[in-house]
Amino acid sequence: MHIRLAILFSGNGSNLENILKKLHKKKVKGIYFEVVLCICNNKNAFGIQRVEKYNLKSIIIDHNDYTKREEFDEVLVNEIQKSKIDLTILAGFMRILSPVFTQNIKAINLHPSLLPLFKGANAIKQSYESDMKVAGVSVHWVDESLDGGEIIAQKAFEKKNLSFKEFEDKIHILEHQILIQAIIETSEKILKENNV
Ligand code: GRF
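Only a predicted model underlies this, so the values are computations on that prediction, with no experimental measurement involved.

Caption draft 1: Spatial organisation of the pairing of strand 1 (residues 2-9). Along strand 1, six of the eight residues are buried, which leaves the element largely enclosed by surrounding structure. Pairing analysis gives eight bridges linking strand 1 to strand 3 (residues 31-40), with the strands arranged parallel. Residue H2 lies in a different strand from strand 3, and its bridge partner there is Y32.

See below:
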């Protein structure tokens, strides 16, 4: 059983590196994972250096080179389909995707809040500043809504008296855990659906 992964990222890439470290060319729960494609929309992203450590190359597809969102998405779709990817992971990929992407690609996204609360780019700050006693992270299927697809997994924690830095660190630790678990669970589901 073999799962070919694509990872899309835009910046720091700590989740991307965690996937490479824990899953790339590894057999977990009977599944051999291979990261076949790393795509980045930002040529200055630190994640590009992380990818090189694993003897892989990132493909840079800069959204600024396209006038329409759909044109950019079509290039992403072509790359992913060409590489026969089973599952695409958005790990800090800061672009809204159109139906051109969502209707053609099976993808999951990581988000630093307990969805459906705090969608969008400022989730960590909003969640920290809210009156809620708990916070958390989510992984969900990608559809054309912003951070709105079906939820696959969530992890929550009590905010207590954490400083913002402690809160942010906690979010990132949980993100690293939940994304790996969600990739494994989702891959098991995909293989089952394909009768492998
Ligand atoms: C994470 O907080 C993720 O939830 C959000 O962007 C951040 C990416 O971090 N979408 P990194 O690039 O994986 O370090």
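Next, the rest of the story.
Caption draft 2: Molecular detail of the UniProt feature "domain: Formyl transferase N-terminal" (unreviewed entry) in the chain. As recorded in UniProt, the sites labelled "domain: Formyl transferase N-terminal" (unreviewed entry) are residues 4-183. As annotated, residues 4-183 has a helix share of 34% and a strand share of 26%, and its two end C-alpha atoms lie 11 Å apart.

Caption draft 3: How the structure looks around helix 3 (residues 69-82). Along its 14 residues, helix 3 runs 20 Å from first to last C-alpha, staying within 8% of the 20 Å computed at 1.5 Å per residue. All of the buried residues along helix 3 are F72, D73, L76, V77, E79 and I80. On an axial view of helix 3, the arc spanned by its buried residues comes to 165 degrees, and they lie on one face. If you follow the buried residues of helix 3, they end up packed against strand 1, strand 3, strand 4 (58-60), strand 5 (87-90) and helix 4 (99-102). Positioned one or two residues after helix 3, K84 has a phi angle of 50 degrees, which is positive.

Caption draft 4: How the structure looks around the pattern of salt bridges. Counted by the stated rule, this structure contains six salt bridges. E17 is the salt-bridge partner of R50, the closest N and O atoms lying 2.8 Å from each other. Of the two residues, R50 is situated in helix 2 (residues 47-52) and E17 in helix 1 (residues 14-23); the sequence distance between them amounts to 33 residues. What makes R50 buried here is its relative accessible area of 14%. Taking relative accessible area as the criterion, E17 reaches 12% and is therefore assigned buried.

Caption draft 5: Expanded view of the site of the ligand. Looking at the ligand, the residues that line it are N12, G13, S14, N15, G92, L110, H111, P112, H172 and E175. In the environment of the ligand, an oxygen atom lies 3.0 Å from a nitrogen or oxygen atom belonging to the side chain of N12. Side-chain polar atom of S14 to an oxygen atom of the ligand: 2.6 Å apart, as the coordinates give it. Looking at the shell around the ligand, the elements that each hand over two or more residues are helix 1, strand 6 (107-111) and helix 6 (164-193). A breakdown of the residues in the shell around the ligand according to their chemical character gives two nonpolar, seven polar and one charged.

Caption draft 6: Structural context of the side chain of E17. At 2.8 Å, the side chain of E17 forms a polar contact with the side chain of R50. Side chain to side chain, E17 and K53 meet in a polar contact 2.7 Å long. If we ignore the near neighbours within four places in the chain, the residues touching E17 are R50, K53 and Y54.

Caption draft 7: Highlighting the UniProt feature "site: Raises pKa of active site His" (unreviewed entry) in the chain. UniProt tags D147 as "site: Raises pKa of active site His" (unreviewed entry). Mapped onto the fold, D147 is located in the loop between strand 7 (134-141) and strand 8 (151-158). In terms of polar contacts, D147 uses its side chain to reach the side chain of N109, at 3.3 Å.

Caption draft 8: View of the pairing of strand 5. Going residue by residue along strand 5, you find L87 and I89 tucked away on one face and T88 and L90 tucked away on the opposite face as well. The pairing of strand 5 with strand 6 spans three bridges and is classified as parallel. Paired with T88 across the strands is A107, a residue of strand 6.

Caption draft 9: Spatial organisation of the packing of helix 1 against helix 6. Relative orientation of the contacting elements helix 1 and helix 6 amounts to 55 degrees, with a least axis distance of 10 Å. As judged from the angle between their axes, helix 1 and helix 6 are oblique. As for the relative orientation of helix 1 and helix 6, their crossing is right-handed in sense. Counted together, S14, N15, N18, I19, K22 and L23 of helix 1 and E175, H176, L179, I180, I183 and I184 of helix 6 form the full contact between these two elements. Of the residues assigned to the contact of helix 1 with helix 6, the class counts are six nonpolar, four polar and two charged.

Calculation rules
- Residues numbered from 1 in each chain as written.
- Predicted model: local features only at pLDDT ≥ 70, side-chain atom pairs only at ≥ 80, totals over all residues.
- Heavy atoms only, no water.
- Buried < 20%, exposed > 50% of the residue type's maximum accessible area, 1.4 Å probe, protein only.
- Helix = DSSP H or I, 4+ residues; strand = E, 2+ residues; numbered from the N terminus.
- Pairing = 2+ DSSP bridges.
- UniProt positions renumbered as here; feature names shortened; annotations may be inferred.
- Expected span 1.5 Å × (residues − 1).
- Arc of directions from axis to C-beta.
- Contact = heavy atoms within 4.5 Å.
- Salt bridge = Lys/Arg side-chain N within 4 Å of Asp/Glu carboxyl O.
- Near = heavy atom within 4 Å.
- Polar contact = N/O pair within 3.5 Å; in protein donor to acceptor, adjacent residues only side chain to side chain.
- Nonpolar A, V, L, I, M, F, W, Y, C, P; charged D, E, K, R; others polar.
- Axes fitted to C-alpha atoms, helices over the stretch in contact; angles between N-to-C directions.
- Parallel < 35°, antiparallel > 145°, perpendicular 65-115°, else oblique.
- Left-handed = near helix turned anticlockwise from the far one by under 90°.

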